[in-house]
Amino acid sequence: QVQLVESGGGLVQAGDSLRLSCAASGRTISSYVMAWFRQAPGKEREFVASISRSGSSTYYPDPVKGRFTISRDNAKNTVYLQMNSLKPEDTAVYYCAASLSGYYKSNVTPRDYNNWGPGTQVTVSS
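These notes cover the structure that comes with them. Predicted model, so just to flag it, every value in this text is computed and none were measured. (Residues numbered from 1 in each chain as written. Predicted model: local features only at pLDDT ≥ 70, side-chain atom pairs only at ≥ 80, totals over all residues. Heavy atoms only, no water.)

A few words now on the state of the cysteines. Under the criterion given, the structure shown has one disulfide. Covalent S-S linkage joins Cys22 and Cys96, the inter-sulfur distance amounting to 2.1 Å. Taking the sign of the torsion about the S-S bond as the criterion, the disulfide between Cys22 and Cys96, at about -80°, is left-handed. Note that Cys22 is positioned in strand β3 (residues 18-25) and Cys96 in strand β9 (residues 92-99), a separation of 74 residues in sequence. Accessibility assignment for this pair places Cys22 and Cys96 in one class, buried. (Disulfide = S-S within 2.5 Å. Helix = DSSP H or I, 4+ residues; strand = E, 2+ residues; numbered from the N terminus. Buried < 20%, exposed > 50% of the residue type's maximum accessible area, 1.4 Å probe, protein only.)

Below, the discussion takes up unusual backbone geometry. It is generally the case that most residues other than glycine have a negative phi and that most peptide bonds are trans. Here Asn77, not a glycine, exhibits a phi torsion of approximately 55°, which is positive. Positioned with a positive phi, Ser85 is a non-glycine residue whose angle comes to about 50°. Of note, Ser85 is situated in the loop between β8 (78-83) and β9.

Here the focus is the side chain of Asn115. Along the chain, Asn115 falls in strand β10 (residues 115-116). Residue Asn115 is classed as buried on the basis of its relative accessible area, which comes to 5%. Side-chain polar atoms of Asn115 contact the backbone nitrogen of Val2, separated by 3.3 Å. In this structure, Asn115 is in contact with Gln1, Val2, Leu4, Tyr32, Cys96, Ala97 and Ala98, ignoring residues within four places of it in sequence. (Polar contact = N/O pair within 3.5 Å; in protein donor to acceptor, adjacent residues only side chain to side chain. Contact = heavy atoms within 4.5 Å.)

What follows covers the sheet that holds strand β7 (residues 68-73). Sheet architecture is open: four strands sit in the order β1-β3-β8-β7, paired in antiparallel fashion. The open sheet has two edge strands with one neighbour each: β1 (3-7) and β7. The mean angle between the axes of side-by-side strands here comes to 15°, regardless of whether they run parallel or antiparallel. Direction of pairing for β7 relative to β8: antiparallel, over a ladder of six bridges. Bridging across to β8, Ser71 finds its partner in Tyr80. (Pairing = 2+ DSSP bridges. Axes fitted to C-alpha atoms, helices over the stretch in contact; angles between N-to-C directions.)

Turning to the packing of aromatic side chains, a few remarks are in order. The final tally for this structure, using the stated rule, is six aromatic pairs. Members of the aromatic cluster, connected to one another through ring pairs, are Phe37, Phe47, Tyr59, Tyr95, Tyr113 and Trp116. Sitting above the plane of the Tyr80 ring, Arg19 keeps its charged end 4.6 Å from the centroid. Note that Arg45 overlies the ring of Tyr95, its terminal NZ or CZ placed 3.7 Å from the centroid. (Phe/Tyr/Trp six-rings, centres within 6.5 Å; stacked < 30°, edge-to-face > 60°. Lys NZ or Arg CZ within 6 Å of the ring centre and 35° of its normal.)

Further remarks concern the nonpolar core. With 28 residues, the main nonpolar core has Met34, Trp36, Leu81, Met83 and Tyr94 as its most contacted residues. Among the secondary structure elements, those contributing two or more residues to this core are β3, β4 (33-39), β5 (46-51), β7, β8, β9 and β11 (120-125). Residues in contact with Met83, not counting those within four places in the same chain, are Asp16, Ser17, Leu18, Leu20, Arg67, Phe68, Tyr94 and Val122. Counting residues in hydrophobic clusters, the runner-up holds six residues, among them Ala35, Phe37, Ala97 and Tyr113. (Core = buried A, V, L, I, M, F, W, Y, C linked by side-chain atoms within 4.5 Å.)

Taken as a whole, this structure holds four salt bridges when the rule is applied. For Arg38, the salt bridge is made with Glu46, and the minimal N-O distance between the two is 2.8 Å. For Arg38, a relative accessible area of 6% corresponds to the buried category. Given a relative accessible area of 32%, Glu46 falls into the partly exposed group. Asp90 serves as the salt-bridge partner of Arg38, at 2.9 Å between the closest nitrogen and oxygen. Taken together, the residues Arg38 in strand β4 and Asp90 in the loop between β8 and β9 connect sequence positions 52 residues apart. (Salt bridge = Lys/Arg side-chain N within 4 Å of Asp/Glu carboxyl O.)

Structure below.
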């Protein structure tokens, strides 16, 4: 199992940018498909982005496509989520997730991941 801890969340205004980090420990993340999910109060956990084991490929749903960028630095055992042009509807707790199984484009539901960080709050005011 790999331990994950997110950081970088905070309160920003619409149009601002944030860069979230996911620091992994215990295991090397090079063997894991990595992803970001988010969950707003009263809502189901929502897929945000995934990245292949090598970092060569990424996948995004339409609500964040073109605004968010997932990246990874396997040497630093860290995954990032660059969020630009933030909107109030981006407000949520953002979670980092890891899976040894599957592929970046198929792992788009929470059940595809069994390693999670505790989350970091992102609040976007209007």
